[in-house]
Each structure stands twice: as C-alpha cells, then as structure tokens.
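Tertiary structure, described
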Amino acid sequence: MNFEGLDPGLAEYAPAMHSALDPVLDAHLNPSLLQNVELDPEGVALEALPVQESVHIMEGVYSELHSVVAEVGVPVSVSHFDLHEEMLWVGSHGGHATSFFGPTLERYSSFQVNGSDDIRQIQSLENGILFLTKNNLKYMARGGLIIFDYLLDESEDMHSLLLTDSSTLLIGGLQNHILEIDLNTVQETQKYAVETPGVTIMRQTNRFFFCGHTSGKVSLRDLRTFKVEHEFDAFSGSLSDFDVHGNLLATCGFSSRLTGLACDRFLKVYDLRMMRAITPLQVHVDPAFLRFIPTYTSRLAIISQSGQCQFCEPTGLANPADIFHVNPVGPLLMTFDVSASKQALAFGDSEGCVHLWTDSPEPSFNPYSRETEFALPCLVDSLPPLDWSQDLLPLSLIPVPLTADTLLSDWPAANSAPAPRRAPPVDAEILRTMKKVGFIGYAPNPRTRLRNQIPYRLKESDSEFDSFSQVTESPIGREEEPHLHMVSKKYRKVTIKYSKLGLEDFDFKHYNKTLFAGLEPHIPNAYCNCMIQVLYFLEPVRCLIQNHLCQKEFCLACELGFLFHMLDLSRGDPCQGSNFLRAFRTIPEASALGLILADSDEASGKGNLARLIQRWNRFILTQLHQDLQELEVPQAYRGAGGSSFCSSGDSVIGQLFSCEMENCSLCRCGSETVRASSTLLFTLSYPEDKTGKNCDFAQVLKRSICLEQNTQAWCDNCEKYQPTIQTRNIRHLPDILVINCEVNSLKEADFWRMQAEVAFKMAIKKHSGEISKNKEFALADWKELGSPEGMLMCPSIEELKNVWLPFSIQMKMTKNKGLDVCNWTDGDEMQWGPARAEEEHGVYVYDLMATVVHILDSRTGGSLVAHIKVGETYHQRKEVSEGVTHQQWYLFNDFLIEPIDKHEAVQFDMNWKVPAILYYIKRNLNSKYNLNIKNPIEANVLLAEASLARKQRKTHTTFIPLMLNEMPQVGDLVGLDAEFVTLNEEEAELRSDGTKSTIKPSQMSVARITCVRGQGPNEGIPFIDDYISTQEQVVDYLTQYSGIKPGDLDAKISSKHLTTLKSTYLKLRFLIDIGVKFVGHGLQKDFRVINLMVPKDQVLDTVYLFHMPRKRMISLRFLAWYFLGPKLFHLCFP
C-alpha cells in the first residue's frame, strides 16, 4: 500500500513511538472503549468488544458483528482472512501478529514477527502463514513456530507479495525489480526487471499478472515471461488500490493538484477484453480501498479512510443510499479485507481495533474450511481406568515418576534367560527375484508390507516356518515359481532379455523347437502378433496377400504380403512386423478406432486387450477388403472348374469372409422395410437367461447371426420414430466364419463358465455309460475307459473340463430364408452325401481353425495368444517330414511356439484364459481352388526412378541405375550397406550391483541403403543409393556414424535421391528372389532393421568370415586397416 499523500496525522504512529514487545495504553485512547475489555498484565485485550444489543444482523445486508482490540494504541497495518481455516490474521505497525478464530473473534495466537518493522502483507498457506516486512520474509506456523526466515537485502523496501502457485512467490516493492522465491528450497530463483519502480500491489488472473505502481500505473504482464503486455495510466498522482474480476479492472487513487495530491472520487474502470477504459465511476466517498464482492452481481465495495463504505455496480451509477459507516475507534481505517466466502468484511483502524462486518448472524470465512487444531487440555487428572485382565494392555500407559531405585522388572541374570524371537521367513517373491553379488543379495521391494516393518505373531507354530523350507535357494529353482500360479508357464507373457550383443546371444530355440516362425513382441503395437499368425495360416488369405502388389506407399495388404514371405522363408527364426506396424500407424482409421497404443499403455497393460484385438480383427478385414476390392483378381485364383474366385467389383476377402444378409424392420403399423447388407464377421449375443440350463454354442451362434431386437426406428409410413422389430436373415454363408466373442464383463464370463460346467456334467454322464452313478471315478478309471481294451476311447476327465466350444458346427440354409445351426462331431453322419448336401440342400460343415484368447495375468498386464490348427501344406513346405498328411494344433505366443493337444484349444478357464476371437472354415475349402503364388515383383523395380526430393539435381547423383543388360543373375555378388536413424531411445535400468540391464532396445529406422555392383564393366559402382523418406519423428540422426543430417530425409529441403521405404524394399526383395549373394559387414543387423529375411546361403558377412570361435567380432575399421594398409585406411576413415 502506498501511503504517500495520505493524512499527515499518520506520522505520529512511527515505530519508535510504540514498542510491540511492551504494549501500553495510549494516553489519547477513548476511556469508554475499555469499559468491558479485560486486559492482561501486559495490557493486551483478551476479549472482544460486545456490540450493542440493538444491532440486528439482516440476511444479505452487511452489519457489524464484532469488534476486538488486537494491540491497544498500535495501528493495524494489514488484515487477512485465512484461506484454509476459520481465522482472521492481523498485523500491526509494531511487527506483531494476532489471529482470531471464528466470527466471535476468539484470540487464537499472538506472537512477534519483527522487532522493528511493520508487517506489510500476510498470505496463508496450507501449513503456515507468510509474513512480509520491509526486508524480511518469514514463514511461521499458525501457533507461532518459525518454519523459515528469509532475509532480503537491506536496501530492499518490500510492500507486496503474490502467491502464483503452491510453491512459488513473487515479492515486489519500491525497487526496480521483482523477486521470485521457491518456497520448497527457500531460494531466489528469478529476478524480473521492472521498467517503472514501485510495485506496491499485485494481483493475478488466468491471463495476466497485474502490478500496481506508486506512479499511478497498472501494468499487465505475461504469466510465463513477466513481460509487459499492456499498461494503463490510471491516475496522475499515485495508486491507492485496485482489484480485478472477470473482464473488469477497477482502480482508485490520487490525482495531482496545485496544492499536492488529492483523492480522486472517480474510479477508473477498464475492460480487459478490449484493453481500454470504459466510463469512470463517480462515488460519494474518498476511495482508499476497493474490492469486488461478486455474490449475486459484480458489486464493488469502496472504503474511505474515515470509515465510509459504499457498494455500487462497476458499470452503473453510485447511489448515496448505499453508504454505511464503520465507526472506527481511531481516526482512520488502515486495512480492509474480504473473506473467500464473501460473507465477512474486516476493517483495521489506527487504534489497533479490528471490526468484523457480516451479512449473516453465523458467517463462515471459507466455503470449505478444515478443522482448526487447539491446544489440548491437561489430561493428568482425567486418565481412564486400566483393565488388568487384558493380556495386550501396554504398561507404558501408566504414568511412572522418574526414580533411581531398581525396578521390579529388572530381573537378575540368574533368574532369567534370553529368548529372542525367531526371525520370520523372507518373502518368497524376494527370494525368486534376488540376484547375488558375492555374498550380498539384491531384490526389488515386492511392496507387500510397509518398509522396515516386520509383523510378529504372538502364537506362531513351527509348521508355518517350515512351510517356506520348500523354497529352493538355487536361482534355477527360483525361476520355476515357488508358489502356485494359475497361469500355465507357456501362456505367460514372454519377454526378450537383452545383453551387450542385443539379440545375437538370445536363445529363441528354447522357446520354439518347430520350423515355424514366431513374431517379436518388443515393437510398438505388437499386440496383434497372434492375429497376423491366424491370417498367415489361412491358406487362401496367404496366397491372395502374397500375390498382391500396388503403388500405394502405405498399403497394409502389401506389407502383410512381405511379412508372410518372411514367415515362409524362416526356418524357426523369429520375424518382426516392424514395416507392417509402421504402415498400420499411418492409417487414420486405426488411430480413430483407438487401435494405436502408446508405449506406456502397452507396457503397463492399461488397455483392454480383448476388446482391442476384436476391434483390430474387424479393422484388418475391412481394410484388406477395401485395398483389394478394385484390383483385378490374379489368374492363380481361378478355380479348377473355371469359375472365378470372386465376382467382379468384389474382393477375394469379401468372397471368403463376407456374409450377405437381409435386414427387415417391421413397424407396429404393419409397414415392413427390407434392405440388403453384408458383414465380414459376427459378434456373439448372449441370452439373458440366468437359470443355468444347457445352451449349446450353436444356439448362441444362431441367435447372434439371425439377430432379432426391438428398437426405435424411423417409419416412413408413420413419419416418426416408432418401436420396430428388426430381424436379420442370411442369404449366403461365408467360406470363413469369423466370430468376436465379446466376453468383456463378468456377466459374459459367468455364462461361459456356467455352460462349461453343464457340458462337463453331460459329458461325464455320456461317457460313464452303464457304470453305476454312485461309483466315484478316479483318474485311473478314466484312463481305463479310454484304453483300447475298453473299446470306448473316452477322453480323459481333464480334457472335458472347461469345454463348451465345439470343434465343428453344421449350418443349413432353409427354404424360408432360415438358418439351422447345430454342433457337429466326427461321429455324426450327414443325412445326405457331402457333395449333394452342399449343392442341393445348402448344408455346410465348419471346422474350428483358430482361437485367440486373452491371458489375464496381473503381474504382466496380460497378453494375447492364439491356438491355430496348421494344415498339411504348411508342414510340407517346412519339410517337417516327407509325405505329411496330418494337421496339428499349435500355441503361438509371440516367439514361443509349441504343439498342443486339440482339446487345449477349446478349454477356457475363465479365471485366466478368456476367449476373444474364433475362426471357423468350411470343410475342404482349400481343395476347391488352385492356390498358386506368382511373385508380383518384376525387374523394372531396379530401373531409374524419380526422386521425391524437390531440390535434387543430376549433378548430385551418387549412383548409376542398372541397365536392362546388367540385370543380376543367380549367384551374382552385390555389396550392401545401410545407415539408420533412431526413432525411440533405448530404455535401460541400472541394477543394484552396478550392471546395466536393457529393458527395451532403441527403435531404429533405415535411412539410407546403398548397393554396389560386384561384377561387370561397372564393377564397384553403386546402382542403388537411396535415402528413405520418413514421416515419423527422428530422435537421433546418428550423424557421426551414418552421415545423415537433419533435412536429408525431408522431401521439401533434401538434395539427396529420396525414395519411399516400399520402393527400396521392392528392389532388395527382387535381388533376394533372383538369388544374388550380398557382401557386407554386419548384414544381419541391417536386414533385421530393413525387415528382410535372407537365406543364409545368400549372405557373405565379413563379421563371420573373419570370426574365430570363442573370440570377439572384428570391426570393419580393423579389417580395412589390415587389408588396405595405412594409406588407403586413412582415406576411408579420415
């Protein structure tokens, strides 16, 4: 507050004239004021002054409720309503602080803040109160204890503070700068220069900092940079007070006159939207303080130093009838504050009295105040009685005087023996994860109990300790889980353990002993690995996708065909779908459907994987259908009988998966509307019946396909929305039946569990035959029933558990557009022969081909796996054995592949194994088509092509494309080198023993690929030198190794030969397919990042050519020095 130009009478209250440490009664104090005031020996008032009984508080009208003496004769310098508790804080010119509790103004605490300077501002925080004096900032508890005391420079003259957030404070004064203080470290963090010195008032909104200057200006500053955005020159003399509410800024102050400064009775009001002044507001008092009190309207309270208070609207006219008088004890009002609830006003006068005005008899200072802590009364004489019969009674509750005599509990050593408690066993989880370095074991905290606290049980049996003796101390044994866990080990989420060599020394063969290829899970959005495997093992889909090739840069069908080609070439080594997932992330529909997960969500398992993979299933079928819809069907897809695989205008995906339907809407008025549609998959709709009766899967499937529901729909006949009955009838059945299970809640899971229990009881009853029902069957009995001697060949009891899903279903189209669905077993015989059934009677048998399940594991966040029945053609291509004619079920868990029994594919323990997607295919589907694959990549991909870069010139060409007479042949040598950039940094952790563990490797992207002729007249001249354009954000260009600079991969500014990844990929694929041999250094990593699978007999890698067993790999730098000599070496490696 700026006191320049105020009443000169204030000068008599100099700090030297009154000592706050020894307050005394002022000689000029009105004796009538102290008639009902009790003073303590030091002369400080202890009780509030009562208001005259004639005063009546009216609701909504401010009236005086209480008056109290803070310090007799010492002017009040500042008042502040506590923002967290029901308290009013008052500071005096003598540096003394006093707090009053509640609307009755009961004295709560009183303490000295500064011995010489006055308190200029008070700010309440959650744990204490901030007090600002001339050159000191003190943070004290509400009881008076000092939390910190921050001394400012002696030349500082501070007047105002502003709390910008919970830990940052701004302090301003008469100097030409403002300090920023961090309350956590109690240090000055910033010093902002102020163009106009003398900041005595500061306010804040969500747009600006407002600084009021002694010169009469108000500056609006940026919240981040503190730079001046706007400035209002409010008064020519000095500024007294201002306040901000909404879009209005109201100011009061002094204007320069011939005789000096005079109080201006016009309030300057500014509109913050247009940043200009609006009509000034004339008031009938001399304004010294003003505040917005926005209760029902944006009222302004204007207070004069003589005690007059007037309320008015900032955009209206002031009414003299709205003036009331505070009646201060002293001649002047010194402070004014409004509570956060706007129900209370506080005034402090020059005689040390505080006046509380409220608009209700029982006001509250804050909307939500916390409870205030009071000093506890003495409890020595009111201790509760102690019950000696309680065994657990703590004797420390008994107050015992200090004594030098021997206590009764101090037994002599001859009559006592030490009996230490046995230490409880170490948590099994700690033993499992412990890593030993020397004789010290390190393990992460499992957080099963509070740190440094071990619970003891008074009555502990030895058996409880012995139960942990089964926990092995061997690290190998600890890997096998000492405690039981419901999730089978092969179904758990598999992770790659990285070493210094990356993946080179990771034993994938331990997880996959087959010749089929797994997929690596560490790539973002690799949750769809299981569905990629399902699509690959669908023979018609695989052949279709591998025959497809188009010009689109990001085509999922093309990328999926490239990935299928890698899976074909692999002999048990895992592949990665990085290029496919890269194209997948660029599809806008995938992002809109929420199919693209952030790395943190995927790692923590926040997303619902079951719902996610079902949405992905619908998306990929729709996307492939759209990509292939307008392409000409290749000749390989012509049927053996001459019929086309699909009709014109439709795609092969539509022929395989699409189901034609009629949707009928019947209004209650009798109007019926029929429209045709098609769908690529069905979603199971479960019945509402909870009685537990048997319900075949075929019945639920029929209910889901021929869905009937009541809903509100528009009726053209009624011309309004009416309740309609919507039914769905099938016109044509698909070749591949795809079903989303939609087990997304406990209700659906209970339905599967209940039906599996019913099916289990029926299976036991069926296979028990004539054996007595009273007999209890053991596992040996079931094995005997299934033995050849028994001739019954019954499945084991374990194979019957948790099974509700049939391996085959029979579907028949009826003449009245109906559909019959029933479970089918191999022992059943169709009423008609297979050929006649399909041709004449519309009867089809569908066999289960794949199930995708969601594994619920709270430790890892869950995962997705697939059970797939692999056909004989896949076994023949992998050359598992000659003349293979059988089919086998496999479990695909990323790179873990394991053959399983067929019953395991349909067993769903709903506690941890939840079905998500089912694939049924028509019996003998593959035999109907001649599915040959013709490589769609032709030699013209190696010819010259235009660059994507706009600035590239022919003079910058670093390669000569191949001519038609230079096309490579089988066995030709091609030199290859690739450079990469980093998209995501490596994630690693530092173990407790100081070693580094890689959690997730860095994600690389190919940036440049160079191929050099290995023979011919142009031997040694590159024919490919492509820079790969990327749309993803690059974290590190690795310029010191790759030579790639920022801008080289940007088509707008690059001067390089820039191409798409797909274009260069096709060139390399053609070279691989033609049979060339690649020569290079570290080609295994290059091909891995490019996402290529190259047969080992086509790679000549100098890393392995010059590698000795059990020795480290030789670097290219050393090989160049050794073979080229020092001179040529320095030319290659300057």
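Residues numbered from 1 in each chain as written. Predicted model: local features only at pLDDT ≥ 70, side-chain atom pairs only at ≥ 80, totals over all residues. Heavy atoms only, no water.

**Observations regarding the overall build of the chain**
Heads up, the condition is: Strands here are runs of E lasting at least two residues and helices are runs of H or I lasting at least four, both read from the DSSP assignment and numbered beginning at the N terminus. Working definition: with a 1.4 Å probe on protein chains only, accessible area under 20% of the residue-type maximum means buried, over 50% means exposed, and in between means partly exposed. Whether two residues are in contact is decided by their heavy atoms: any pair within 4.5 Å suffices. Calculation of accessible area relied on Shrake-Rupley with a 1.4 Å probe; when residues are assessed, cover is drawn exclusively from the protein chains displayed.
Check the secondary structure of the chain and you find 22 helices and 53 strands. For the chain, buried positions account for 47% of its 1134 residues. Here the analysis covers contacts within the chain between residues at least 6 apart in sequence; of these, 58% occur between residues at least 24 apart. Carbon and sulfur atoms form 52% of the exposed surface of the chain, whose accessible area is close to 59800 Å².

**Structural notes on unusual backbone geometry**
Even without being glycine, Met 275 reaches a positive phi, approximately 55°. Structurally, Met 275 is set in the loop between strand S21 (266–271) and strand S22 (276–277).

**What to know about helix H5 (residues 539–546)**
In terms of burial, H5 is a largely internal element, eight of the eight residues being buried. Residues Glu 539, Pro 540, Val 541, Arg 542, Cys 543, Leu 544, Ile 545 and Gln 546 constitute the buried set of H5.

**Observations concerning the pattern of salt bridges**
In plain terms, the rule: The term salt bridge refers to a pairing of a side-chain nitrogen on Lys or Arg with a carboxyl oxygen on Asp or Glu at a separation within 4 Å.
A complete count under the given rule lists 32 salt bridges for this structure. Put simply, Glu 85 and Arg 142 hold a salt bridge, and the shortest N to O gap is 3.9 Å. Of this pair, Glu 85 sits in the loop between strand S2 (76–81) and strand S3 (87–92) while Arg 142 sits in the loop between strand S8 (136–140) and strand S9 (146–151); the two residues are 57 residues apart in sequence, bridging distant segments of the chain. Linking Asp 1026 and Lys 1067 is a salt bridge whose minimum nitrogen-to-oxygen distance equals 2.8 Å. In this pair, Asp 1026 is assigned in strand S50 (residues 1022–1028) and Lys 1067 in helix H19 (residues 1061–1074), connecting sequence segments 41 residues apart. Of the two residues, Asp 1026 and Lys 1067, both sit in the buried class. When salt bridges that share partners are traced, they join Asp 82, Glu 85, Arg 142 and Arg 370 into one network.

**Some details on the sheet that holds strand S10 (residues 158–165)**
Formally: When DSSP locates at least two bridges between a pair of strands, those strands are taken to pair. Only the contacting stretch of a helix is used when fitting its axis, a line to C-alpha atoms as for every element, and angles between N-to-C directions run 0 to 180 degrees.
Reading across the sheet, the four strands line up as S10-S11-S12-S13 and stay open at both edges, with antiparallel pairing between neighbours. The sheet is open, and its two borders are formed by S10 and strand S13 (187–193), each paired with just one other strand. Averaged over neighbouring strand pairs, the angle between their axes works out to 25° when direction is ignored. Examined bridge by bridge, strand S11 (residues 168–173) and strand S12 (residues 177–182) share four bridges and lie antiparallel to one another. Residue pairing across strands places Ile 171 opposite Leu 179, the latter belonging to S12.

**What about the pairing of S8?**
Of all five residues in S8, five are buried, a share of seventy percent or more. Here S8 shows no split at all, with Asn 136, Lys 138 and Met 140 on one side and Leu 137 and Tyr 139 on the other all buried. Relative to S8, strand S7 (residues 129–132) is paired through four bridges, and the arrangement is antiparallel. Looking at S8, one finds that Leu 130 is bridged to Tyr 139.

**Re the sheet that holds strand S4 (residues 96–101)**
Sheet architecture is open: four strands sit in the order S2-S3-S4-S5, paired in antiparallel fashion. On the outer flanks of this sheet lie S2 and strand S5 (106–112), each paired with one strand and no other. Within the sheet, the average angular offset between the axes of one strand and its neighbour, ignoring direction, is 20°. Both S4 and S5 contribute to a ladder of six bridges, which runs antiparallel. Its bridge partner lying in S5, Ser 99 is registered against Ser 109.

**Here we look at the state of the cysteines**
What counts here: Cysteine sulfur atoms that come within 2.5 Å of each other are treated as a disulfide pair.
One pass over the structure, following the stated rule, counts zero disulfides. No disulfide involves Cys 309; its sulfur sits 9.8 Å from the nearest other cysteine sulfur, which is in Cys 312. Accessibility expressed as a relative area gives 0% for Cys 309, which makes it buried.

**Remarks on helix H12 (residues 697–705)**
Convention followed: In this description, the arc belongs to the directions extending from the helix axis to the C-beta atoms.
Within H12, the full set of buried residues consists of Phe 697, Ala 698, Val 700, Leu 701, Ser 704 and Ile 705. Down the axis, H12 shows its buried residues gathered within 160° of arc, on one side only.

**Description of the side chain of Arg 291**
What counts, and what does not: Identification of polar contacts relies on pairs of N or O atoms within 3.5 Å, with a donor-acceptor requirement for protein atoms, meaning one able to donate a hydrogen and the other able to accept it, and with residues adjacent in sequence counted only if both atoms are side-chain atoms.
Relative to the helices and strands, Arg 291 is located in strand S24 (residues 289–294). A residue is classified by how much of its surface remains accessible, and Arg 291, at 17% relative accessible area, is buried. Side chain to side chain, Arg 291 and Asp 241 meet in a polar contact 2.7 Å long.

**Let's talk about the packing of aromatic side chains**
Spelled out, the test is: Here a Phe, Tyr or Trp ring, Trp counted by its six-membered ring, pairs with any other such ring whose centre lies within 6.5 Å, and the pair is stacked when the planes are under 30 degrees apart, edge-to-face when over 60, and tilted otherwise.
One pass over the full model with this rule turns up 44 aromatic pairs. Residues Phe 562 and Tyr 1065 carry aromatic rings whose centres are separated by 4.9 Å and whose planes lie at 35° to one another, so their mutual orientation is tilted. Taken as a pair, Phe 562 in helix H6 (residues 556–569) and Tyr 1065 in helix H19 lie far apart in primary sequence, 503 residues in all. Of the two residues examined, Phe 562 and Tyr 1065, each falls in the buried class.

**With respect to the nonpolar core**
Using the following cut-off: Side-chain atoms within 4.5 Å are what join buried Ala, Val, Leu, Ile, Met, Phe, Trp, Tyr and Cys residues into a set we call a nonpolar core.
By size, the foremost hydrophobic cluster in this structure holds 103 residues, and its most contacted members are Tyr 527, Ile 613, Trp 616, Phe 657, Ile 736, Tyr 919 and Phe 1078. Here Ile 613 is in contact with Tyr 527, Cys 528, Cys 530, Met 531, Val 852, Leu 864, Ala 916 and Ile 917, once residues within four sequence places are set aside. Formed by 54 residues, the second largest nonpolar core is a distinct cluster that contains Tyr 498, Val 743, Trp 804 and Ile 855.

**Looking at the packing of helix H4 (residues 529–536) against helix H10 (residues 609–628)**
Selection rule: Angles below 35 degrees are treated as roughly parallel, those above 145 as roughly antiparallel, those between 65 and 115 as roughly perpendicular, and all remaining angles as oblique. Two helices that cross are described as forming a left-handed crossing if the nearer one is turned anticlockwise from the farther one by less than a right angle, and a right-handed crossing if clockwise. Note that Gly is not counted as nonpolar here; it falls among the polar residues with everything else outside the nonpolar set of Ala, Val, Leu, Ile, Met, Phe, Trp, Tyr, Cys and Pro and the charged set of Asp, Glu, Lys and Arg.
It is at 10 Å that the axes of H4 and H10 come closest, and there the two elements cross at 40°. It follows from the interaxial angle that H4 and H10 lie oblique. In this structure, H4 meets H10 at a crossing whose hand is right-handed. Across the interface between the two elements, Cys 530, Met 531, Ile 532 and Leu 535 of H4 pack against Ile 613, Trp 616, Asn 617 and Ile 620 of H10. Among the residues making up the contact of H4 with H10, the classes are represented as seven nonpolar, one polar and no charged.

**Details of the side chain of His 80**
Looking at where His 80 falls in the secondary structure, it is placed in strand S2. Its relative accessible area of 9% is what places His 80 among the buried residues. Side chain to side chain, His 80 and Ser 124 meet in a polar contact 3.1 Å long.

**Some remarks on a nonpolar patch on the surface**
Worth spelling out the cut-off: Only residues whose relative accessible area exceeds 30% and that form no salt bridge are eligible for patches; like-charged ones are grouped when within 9 Å, while nonpolar side chains (Val, Leu, Ile, Met, Phe, Trp, Tyr) are grouped when within 5 Å.
Together, Leu 973, Val 1079, Leu 1100, Leu 1105, Phe 1106, Phe 1118, Trp 1121, Tyr 1122, Phe 1123 and Leu 1124 make up a nonpolar patch on the protein surface, roughly 950 Å² of accessible area in all. Residue contributions to the nonpolar patch peak at five residues, all from helix H22 (residues 1116–1132). By secondary structure assignment, the location of Leu 1100 is in strand S53 (residues 1099–1101).

**Observations concerning the pairing of strand S18 (residues 238–245)**
In terms of burial, S18 is a largely internal element, seven of the eight residues being buried. For S18 and strand S19 (residues 248–257), the ladder comprises seven bridges, and the chain directions are antiparallel. From the neighbouring strand, Leu 239 faces S19, where its bridge partner is Gly 253. Hairpin geometry of S18 and S19 is characterised by an intervening segment of two residues between the two adjacent antiparallel strands and by a positive phi of about 60° at Gly 246.

**Quick word on the environment of Met 531**
Locating Met 531 in the fold gives a position in helix H4. Here the alpha-carbon distance between Met 531 and Ala 850, two residues 319 residues apart in the chain, equals 9.6 Å. Not counting the four nearest positions on each side in its chain, Met 531 is found in contact with Ile 613, Trp 616, Asn 617, Val 852, Ile 917 and Tyr 919.

**Some thoughts on the environment of Ser 1002**
Structurally, the position occupied by Ser 1002 is in the loop between strand S48 (996–1000) and strand S49 (1003–1013). Residues Ser 1002 and Ala 988 lie 14 residues apart in sequence; the distance between their C-alpha atoms is 9.8 Å. Look past the residues within four positions of Ser 1002 in its chain and what remains in contact with it is Thr 982, Asn 984, Glu 985 and Glu 986.

**Here's the deal with the packing of H6 against helix H7 (residues 578–585)**
The relative placement of two packed helices is expressed as an angle between their axes plus a distance between the axes. Taken N-terminus to C-terminus, the directions of H6 and H7 make an angle of 170°; their axes are 8 Å apart at the nearest point. Relative to H7, the element H6 is oriented roughly antiparallel. The two elements H6 and H7 cross, and the hand of that crossing is left-handed. Along the contact surface, H6 presents Leu 556, Glu 559 and Leu 560, while H7 presents Asn 579, Phe 580, Ala 583 and Phe 584.

**Some words on the environment of Thr 851**
Tracing the chain through its elements places Thr 851 in strand S41 (residues 843–855). For Thr 851, a relative accessible area of 0% corresponds to the buried category. Residues Thr 851 and Tyr 919 lie 68 residues apart in sequence; the distance between their C-alpha atoms is 6.4 Å. The residues touching Thr 851, leaving out its near neighbours within four places in the chain, are Leu 805, Val 865, Ala 866, His 867, Ala 905, Phe 908, Ile 917 and Leu 918. Separated by 3.2 Å, the side chain of Thr 851 and the backbone oxygen of Ala 905 make a polar contact.

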